[in-house]
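Listed below, chain by chain, are the residues.
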Amino acid sequence: MNQATVAYFTMEMALESTMSTYAGGLGVLAGDTIRSAADLKVPLVAVTLLHRKGYFKQHLDASGWQQEAPSDWDIAAHLQLQQARTSVSLEGRTVQLQAWKYEVHSPNGFTIPIFFLDTDLPENQPWDRTLTHFLYGGGTPYRLCQEVILGIGGIRMLRALGFTSLSRYHMNEGHAALLGLELLDEAAAQANRTTFLPEDLPAVRKQCVFTTHTPIASGHDLFPLELALQVLGRRELQEMQGVFCCDETLNMTFLALNLSHYINGVAKKHAQTSQLMFGKYEIDAITNGVHAATWTSPPFQALFDRLIPGWRADNFSLRFAHSLALDEIKSAHLAAKQLLLHRVFQETGLALDPHILTLGFARRATAYKRIDLLVSDVTRLNAIAASAGPLHIICAGKAHPNDHQGKEAIQRLIQVQGNLSPTIKLVYLPNYDLDLAKLITAGVDVWLNTPHPPFEASGTSGMKAALNGVPSLSVLDGWWLEGWIEGETGWSIGESCPIDPNLTDRASCDATALYRKLENEVIPLFYQDPDRFADIMRHCISLNGSFFNTQRMVSQYVIKAYFE
Ligand SMILES: *Cc1c(COP(=O)(O)O)cnc(C)c1O
């Protein structure tokens, strides 16, 4: 019992659509990581926060403007309350913590527990009770308190639950970096000291692994040192400047970098970008993946079960998809497309024709993702559909409540509907979640991704599409630099456009490139050479589905970071 050796810390965790404990890719990756770790029988335990009121429910008003509502979910229906209790100190107050357990069961019988920390207890003060309510909600002090609970409270809860064999602590992004402070305190206590010393650092580093997930500045938490001192009440933060802070800030990324022996980015290009940002640390690359059995649609599951038996336990065997008959691929895809079109009909009353080329995209709506690039020149898009062939566009995604630009991009997509020619239909489905992601990534014909490089660290939804034989049409950034073979697994956009760190000038160049590819390559191929198109679909599965999965990814963490 409780023999886990690896503890995985994450601010968000996506397990089921009915558990609002995630916002986007970071949480989806965490959930897929746990599922594959269970399939590989990696002795792992995970810690996150309960997020009782979730991220938020998205409603789009008549003008296309996003409105948010709390997203309460039925905790007791999914999790079991544990007996163990622990506490953390916040601004001098003792805040009690309890934990709820969720178990991920692999078909092989292996189970991984996930503990959700909860401060909503009658013995805590009203504000402290709210600290595990909202994911990415509240202001800076709220976030810092949440990170104390995750990092320090998380370690203490694992101890209270009886995990005595832990030797690795994996920080999925910098939110959990304060776990290092707790490990330093433990090292001091073990040496019968009341405070830790620089000589305690190597032993802590040996135990810690840090994965950085974004080159975007706002993705790296910075807290004013004064606030950190007030919340944590620890003067060591100031005394060990080189470890905890610099320039009067507690920088969670630098803390994680300073306290880890193994650091990685989430794709090869992202590791290079991170290396430029964090010069003196050595940054390796482990490219993200997705959990194959979770993200393969029922029609392709049935096809693989029939003709590639064992693919769920051994994702590499998806390589043998290269020998599947094109008709099998076409009919499985048509079935997956019907499932998506059925959902579109239910939500909008629109009956879309399955024989029309359907483009899809869905992701967090935030500036660098440029979700509205496709409609940046509506006249051009209308002309393309008139000459090359009709188009359907199905999209989804939430903007963070404070992300005004993200909300504007959603609104542009919705308002542009009135200006599209009758040969183009665009549908924006609200409340993007795991279930909708499964339908969209599997059910469209081409997956579109137009981020501003180099800000897409990895991206994973194109990997979900690939498992379902859906090729990507994407800017060369993140994982796509590794998965892209032009005209074989999909198509690139804008590789000759200039690098522009200001997120502005590049858009029209990328848009022009996107329109050209659509007009000259993608649309003609889809309508005029369905066999060649199906051959590309087959390559997506055999070349990319077999590799860009979390089974390969977790194996790399095992080799490089967990048990080395
Ligand atoms: C996969 C997924 C994401 C992440 O998509 P990216 O392509 O990495 O941006 C976000 N939200 C949901 C619900 C997902 O399933």
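Draft legend 1. Representation of the overall build of the chain. Along its length, the chain carries 22 helices and 20 strands. Taking 24 Å as the expected radius of gyration for a compact globule of 564 residues, we find that the chain reaches 24 Å, a close match to that expectation. Seen along its three principal axes, the alpha-carbon backbone of the chain occupies a region of about 75 × 50 × 45 Å. For the chain, the proportion of its 564 residues judged to be buried stands at 63%. Carbon and sulfur atoms make up 54% of the accessible area of the chain, which amounts to about 20700 Å² in all. Considering the chain, the positive charge centre built from 45 side chains and the negative charge centre built from 57 side chains are found 3 Å apart.

Draft legend 2. The sheet that holds strand 1 (residues 6-10), seen in detail. The strand order across the open sheet built from nine strands is 5-6-7-2-1-8-9-13-14, with neighbouring strands paired in mixed fashion. Lying at the two open borders of the sheet, with one neighbouring strand each, are strand 5 (80-90) and strand 14 (284-285). Taken together, the three bridges between strand 9 (residues 208-211) and strand 13 (residues 262-265) define a ladder with parallel strand orientation. Bridging across to strand 13, valine 209 finds its partner in tyrosine 262. The strands touched by helix 5 (residues 179-190) are strand 1, strand 8 (168-172) and strand 9; relative to strand 8, the strand with the most contacts, the crossing angle is about 160°.

Draft legend 3. Representation of the pairing of strand 5 within the structure. Direction of pairing for strand 5 relative to strand 6 (residues 93-105): antiparallel, over a ladder of eight bridges. Directly across from leucine 81, in strand 6, lies its bridge partner tryptophan 100. If you look at the hairpin formed by strand 5 and strand 6, you'll find two residues sitting between the two strands, and glutamate 91 has a positive phi there, around 50°.

Draft legend 4. Here's a closer look at the environment of valine 45. Residue position: valine 45 is located in strand 2 (residues 44-49). Given a relative accessible area of 0%, valine 45 falls into the buried group. Sequence separation between valine 45 and lysine 280 is 235 residues, and the spatial gap between their C-alpha atoms is 31 Å. Leave out the neighbours within four places in its chain, and valine 45 touches Ala4, Val6, Ala7, Tyr8, Ile112, Pro113, Phe115, Leu158, Phe163 and Leu166.

Draft legend 5. Layout of the environment of alanine 37. Relative to the assigned elements, alanine 37 resides in helix 1 (residues 25-39). Relative accessible area serves as the criterion here: at 0%, alanine 37 is assigned to the buried category. Taking the C-alpha atoms as reference, alanine 37 lies 15 Å from alanine 14; in sequence the two are 23 residues apart. Leave out the neighbours within four places in its chain, and alanine 37 touches Val42, Leu44, Ile112 and Val554.

About the cut-offs
- Residues numbered from 1 in each chain as written.
- Predicted model: local features only at pLDDT ≥ 70, side-chain atom pairs only at ≥ 80, totals over all residues.
- Heavy atoms only, no water.
- Helix = DSSP H or I, 4+ residues; strand = E, 2+ residues; numbered from the N terminus.
- Rg over C-alpha atoms; globule rule 2.2 N^0.38 Å.
- Buried < 20%, exposed > 50% of the residue type's maximum accessible area, 1.4 Å probe, protein only.
- Areas by Shrake-Rupley, 256 points an atom, 1.4 Å probe, with all protein chains shown as cover.
- Lys, Arg positive; Asp, Glu negative; His and termini not counted.
- Charge placed at Lys NZ, Arg CZ, Asp CG, Glu CD.
- Pairing = 2+ DSSP bridges.
- Contact = heavy atoms within 4.5 Å.
- Axes fitted to C-alpha atoms, helices over the stretch in contact; angles between N-to-C directions.

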